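# Coordinate analysis (summary)
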Amino acid sequence: MREMLEMLEMRELHQMRAEPRLHAPLLSAHALRRLAMMLAAGALAILWLGRYTDLDLVLADAVFDAERRVFPWRDTWLTVTFNHVIVKQLLMLLAVGIVGYALVDAWRPRAALGALGRVQLRIVALAAVLVPAVTSTLKHLSASHCPWDLVRYGGEQPYVRLFGAFPADTLPGQCLPAGHASSALWLVALAVCWLPARPSRARAAALLAIGAGATVGYLQQLRGAHFMTHTLWSIWIACTIVVALIATLQGRPS
């Protein structure tokens, strides 16, 4: 009898180890609803800025040399070599490393990672792929032009507000949202590494990542490559994707 009980206990133990384990939600339902409302409000605010204000033009005018008809920062080492080449390549290497690690773990799960760590890793890996991919897709589908393409800044295309009607002979600008900023904005997903135990640190990490993406986007704005609202839309897209990934994956067994 004793041997039979020990065999049953061993079998139950093996079954428990083999079964997927659930982890605590990264964000509560209340927190997800609050973030959804914030994202909705943010979308309306960005839409209003681009559609009904001249803030994009005011900021672009401020960094444009009207006498020489050029953006002085367009071809500098900081904005081109450092921001558009070095930073982008480093972030791509980081993204490839994280995605590769997630794929290896999916093929051969590491016990040390645990259920929570595995979900966190998958969210970050998916964000590293989806944020740039979705942003780039939307960019290539858009009609909006970059500042340096506009007649106002020495180009050949007319300035048309968001959702405005373009002249019949106008080529699509493919410049909204800001693609380069998305190379850094997937870092917002790293906030999940501190969830659910340390929400204040997660919030700080998300804000730092948004700041990094905004800085990368601003350097592109100095070049005349994007308007401010282009970068704001990229930030909104990245945050929306990360929140959607959390809502989708946090309750699944790992």
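Residues numbered from 1 in each chain as written. Predicted model: local features only at pLDDT ≥ 70, side-chain atom pairs only at ≥ 80, totals over all residues. Heavy atoms only, no water.

## Points about the pattern of salt bridges
Let me state the cut-off plainly: Within this document, salt bridges are pairs made up of a side-chain nitrogen of Lys or Arg and a carboxyl oxygen of Asp or Glu, the two lying within 4 Å of each other. Secondary structure counts use DSSP, requiring at least four H or I residues in a row for a helix and at least two E residues in a row for a strand, with both numbered from the N terminus. Here's how the labels work: a residue is buried when its accessible area is under 20% of the maximum for its type, exposed when over 50%, partly exposed in between, all with a 1.4 Å probe on protein chains only.
This structure, assessed with the given rule, holds four salt bridges. Residue Arg118 is joined to Asp105 by a salt bridge in which the shortest nitrogen-to-oxygen separation is 2.6 Å. Residue Arg118 is found in helix α5 (residues 114-141), and its partner Asp105 is found in helix α4 (residues 77-107); the two are separated by 13 residues along the sequence. Of the two residues, Arg118 and Asp105, both sit in the buried class.

## Focus on unusual backbone geometry
Only a minority of non-glycine residues have a phi that is not negative, and only a minority of peptide bonds are not trans. Residue Leu176 is joined to Pro177 through a cis peptide bond whose omega torsion reads 5°. Mapped onto the fold, Pro177 is located in the loop between α5 and α6 (179-185). Omega for the bond connecting Leu195 with Pro196 falls within 30 degrees of zero, at 5°, which places this linkage in the cis form. Within the secondary structure, Pro196 sits in the loop between α6 and α7 (199-223). The phi angle at Phe163 is positive, at roughly 70°, despite the residue not being glycine. Turning to its location among the elements, Phe163 is positioned in the loop between α5 and α6. By relative accessible area, which is 67% here, Phe163 ends up exposed. Despite not being glycine, Gln174 shows a phi value in the positive range, around 50°. The exposure class of Gln174 is partly exposed, given its relative accessible area of 33%.

## Considering a nonpolar patch on the surface
Quick reminder of the rule: Like-charged residues are merged into a patch within 9 Å and nonpolar side chains (Val, Leu, Ile, Met, Phe, Trp, Tyr) within 5 Å, provided each residue has over 30% relative accessible area and no salt bridge. With residues, only the protein chains shown are counted as cover, and all accessible areas are computed by Shrake-Rupley using a 1.4 Å probe.
Together, Trp73, Trp77, Leu78, Phe82, Val85, Ile86, Leu90 and Leu93 line one region of the surface with nonpolar side chains, adding up to about 760 Å² of accessible area. Its place among the elements puts Leu78 in helix α4.

## A few points about the packing of aromatic side chains
Applied cut-off: Ring geometry is summarised as follows: Phe, Tyr and Trp rings, the Trp one being its six-membered ring, pair when their centres sit within 6.5 Å, and such pairs are stacked at plane angles under 30 degrees, edge-to-face over 60 and tilted between the two. Two thresholds decide whether a charge sits over a ring: the Lys NZ or Arg CZ must be within 6 Å of the ring centre and within 35 degrees of the ring normal.
Applying the stated criterion to the full structure yields six aromatic pairs. Look at Tyr159 and Phe227: their rings are 5.9 Å apart centre to centre, the planes differ by 70°, and that puts the pair in the edge-to-face class. Linking Tyr159 in the loop between α5 and α6 with Phe227 in the loop between α7 and α8 (228-249), this pair joins segments that are 68 residues apart in sequence. Judged by its relative accessible area of 28%, Tyr159 is partly exposed. Ring centres of Trp233 and Trp236 lie 5.9 Å apart, and the angle between their planes is 85°; on these two criteria the pair is classed as edge-to-face. Taken as a pair, Trp233 and Trp236 lie in helix α8 at a separation of three residues, close to a single helical turn. For Trp236, a relative accessible area of 25% translates into the label partly exposed. Ring pairing ties together the aromatic residues Phe64, Phe71 and Tyr153, which thus form one cluster. The cationic tip of Arg74 hangs over the ring face of Trp148; the distance from NZ or CZ to the ring centre is 4.0 Å.

## Describing the packing of α7 against α8
Here is the rule we go by: Every axis in this analysis is a line fitted to C-alpha atoms, fitted for helices over the stretch in contact. Angles between the N-to-C directions lie between 0 and 180 degrees. Angle categories: roughly parallel below 35 degrees, roughly antiparallel above 145, roughly perpendicular from 65 to 115, and oblique for all the rest. In this scheme the handedness of a crossing depends on how the near helix is turned from the far one: anticlockwise by less than a right angle means left-handed, clockwise means right-handed. Pairs of residues are marked as contacts when any of their non-hydrogen atoms sit within 4.5 Å. In this count, Pro and Cys sit with the nonpolar residues alongside Ala, Val, Leu, Ile, Met, Phe, Trp and Tyr, while Asp, Glu, Lys and Arg are called charged and the others, Gly among them, polar.
At a minimum axis separation of 9 Å, α7 and α8 run at an interaxial angle of 155°. With respect to their mutual orientation, α7 and α8 come out roughly antiparallel. Between α7 and α8 the crossing geometry is right-handed. Every residue of α8 that contacts α7 at Ile210, Gly213, Ala214, Gly217 and Gln221 is listed here: Met228, Thr231, Ile235 and Cys239. Here the residues of the contact of α7 with α8 sort into five nonpolar, four polar and no charged.

## Here we look at the confidence of the model for the protein chain
Detail in the predicted coordinates should be disregarded across regions flagged by low pLDDT. Defined as follows: Per-residue confidence from the predictor is reported as pLDDT, which spans 0 to 100.
The predicted model of the protein chain averages 91 in pLDDT, with 90% of residues at 70 or higher. In this model residues 12-21 is a low-confidence stretch, pLDDT under 50, and it forms six contacts with partners more than four residues away in sequence or in other chains.

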